[in-house]
Amino acid sequence: LFGEDHLSIANDLHNLGAINYEKDNFKKAIDCFERSICIVKKRLGEDTNEEAETTFCIGNAYMKQRLFDKALGYFHDALRKRRHILRNDRKQDNLSLLKTLNSIGDAHLALFSYDAAMAAYREALGIVTKEKDEEGLEHANCLEALGHVHRSKAEVGNAMSCYENALRIKKGILG
């Protein structure tokens, strides 16, 4: 009935994009992801979970290519979409924001934009704390990421504190 614009086609394109990403065929992956997004927008409208996730995947493809500025553009777009979804659907999971914020932090760290990386990681830590995961792996991972920023800024004492707390949490969980 919808032919080329069916959501099933969008899903297949997303999956092909993921396989091409895994095979380091980033140009093909991005093409598949972008085609998937076009269909999703036609069928479901703007700012859907599917669009946000696929936009995030495009950002990851640019990260793998070390095109950090391009990746940041897609990560920020995915974050904006996810925030919009959260405002309109309280059932949505804040943890979808978490992975986007961590990727934004990673891209800023790679670009030596330490203050921006710190802000993204701190916001991610705030989400983890709000979700009552203060002793979970996500909390430890946020602390570790903050440790990387402090270490990059030669703030050794702060870096050690972050790493030690992350290690304590991980040992408590992983044994």
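Placed above this text is the structure.
Residues numbered from 1 in each chain as written. Predicted model: local features only at pLDDT ≥ 70, side-chain atom pairs only at ≥ 80, totals over all residues. Heavy atoms only, no water.

Asks: Help me understand the overall build of the protein in this model?
Replies: In terms of helices and strands, the protein carries eight helices and zero strands. Secondary structure elements of the protein occur, N-terminal to C-terminal, as α-α-α-α-α-α-α-α. Oriented by its inertia axes, the alpha-carbon framework of the protein measures out at about 60 × 35 × 30 Å. Looking at the protein as a whole, 41% of its 175 residues are labelled buried. Taking contacts inside the protein between residues at least 6 apart in sequence as the whole, the part at least 24 apart equals 54%. (Helix = DSSP H or I, 4+ residues; strand = E, 2+ residues; numbered from the N terminus. Buried < 20%, exposed > 50% of the residue type's maximum accessible area, 1.4 Å probe, protein only. Contact = heavy atoms within 4.5 Å.)

Asks: Explain the pattern of salt bridges to me, please; I cannot follow it from the model alone.
Replies: Side chains that differ in sign of charge can pair as their charged atoms come close. Following the criterion strictly, the structure yields 13 salt bridges and no others. A salt bridge links Arg82 to Glu53; its shortest N-O distance comes to 2.4 Å. One end of the pair, Arg82, is in helix H4 (residues 68-88); the other, Glu53, is in helix H3 (residues 49-64), with 29 residues separating them in the sequence. The class of Arg82 is buried, set by a relative accessible area of 5%. Assessed through its relative accessible area of 26%, Glu53 is described here as partly exposed. (Salt bridge = Lys/Arg side-chain N within 4 Å of Asp/Glu carboxyl O.)

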